[in-house]
Amino acid sequence: MKKFEAHVVGSRIHQELWVPAEELAEFNRHIIGKIHIEAAYSGENFKEEIDPKTNLPTILKTFL
């Protein structure tokens, strides 16, 4: 992770780790365990349903 840059995107509190596409497969091989979603933020144009218990889009249940 240290070799990739974190960039502020969207709002000043949102950061993304930018991994070049050609290095993504190698990056993913180093992920151990499950990824835990800490928070989700949706804009005013977001059209999906939000689960009131988790504050996450209900469509995520399809992927979890």
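Every value quoted in this text rests on a predicted model; they were computed, and no experiment measured them.

## Some remarks on the overall build of the chain
A count of helical and extended segments in the chain gives one helix and two strands. When the elements of the chain are put in sequence order from the N terminus, they spell out β-β-α. Taking 11 Å as the expected radius of gyration for a compact globule of 64 residues, we find that the chain reaches 14 Å, considerably beyond that expectation. On the principal axes, the C-alpha backbone points of the chain span a range of 35 × 30 × 20 Å.

## Examining the side chain of Asp51
Structurally, the position occupied by Asp51 is in the segment after helix H1 (24–29). Of the residues examined, Asp51 reaches a relative accessible area of 12% and is grouped as buried. Engagement of the side chain of Asp51 in a polar contact is seen with the backbone nitrogen of Lys53, the distance being 2.8 Å. When neighbours within four sequence positions are excluded, Asp51 is seen to be in contact with Leu56, Thr58 and Lys61.

## Some remarks on the pattern of salt bridges
Scanning the model with the defined rule gives two salt bridges in all. Where Glu23 meets Lys3, a salt bridge forms, and the shortest distance between an N and an O atom there is 3.0 Å. Taken together, the residues Glu23 in the loop between strand S2 (15–18) and H1 and Lys3 in the segment before strand S1 (5–8) connect sequence positions 20 residues apart. The class of Glu23 is partly exposed, set by a relative accessible area of 27%. Overall, the relative accessible area of 64% leaves Lys3 in the exposed class. Glu26 is the salt-bridge partner of Arg29, the closest N and O atoms lying 2.8 Å from each other. With a gap of three residues between them, Arg29 and Glu26 both fall in helix H1, about one helical turn apart.

## Here we look at the pairing of S1
Of the pairings in the sheet, the one linking S1 to S2 comprises four bridges and is antiparallel in character. If you follow Val8 over to S2, its bridge partner there is Gln15. Where S1 folds back onto S2 in an antiparallel hairpin, the turn is made up of six residues, including Gly10, whose phi is positive at roughly 70 degrees.

Each value, and the rule that gives it
Residues numbered from 1 in each chain as written. Predicted model: local features only at pLDDT ≥ 70, side-chain atom pairs only at ≥ 80, totals over all residues. Heavy atoms only, no water. Helix = DSSP H or I, 4+ residues; strand = E, 2+ residues; numbered from the N terminus. Rg over C-alpha atoms; globule rule 2.2 N^0.38 Å. Buried < 20%, exposed > 50% of the residue type's maximum accessible area, 1.4 Å probe, protein only. Polar contact = N/O pair within 3.5 Å; in protein donor to acceptor, adjacent residues only side chain to side chain. Contact = heavy atoms within 4.5 Å. Salt bridge = Lys/Arg side-chain N within 4 Å of Asp/Glu carboxyl O. Pairing = 2+ DSSP bridges.

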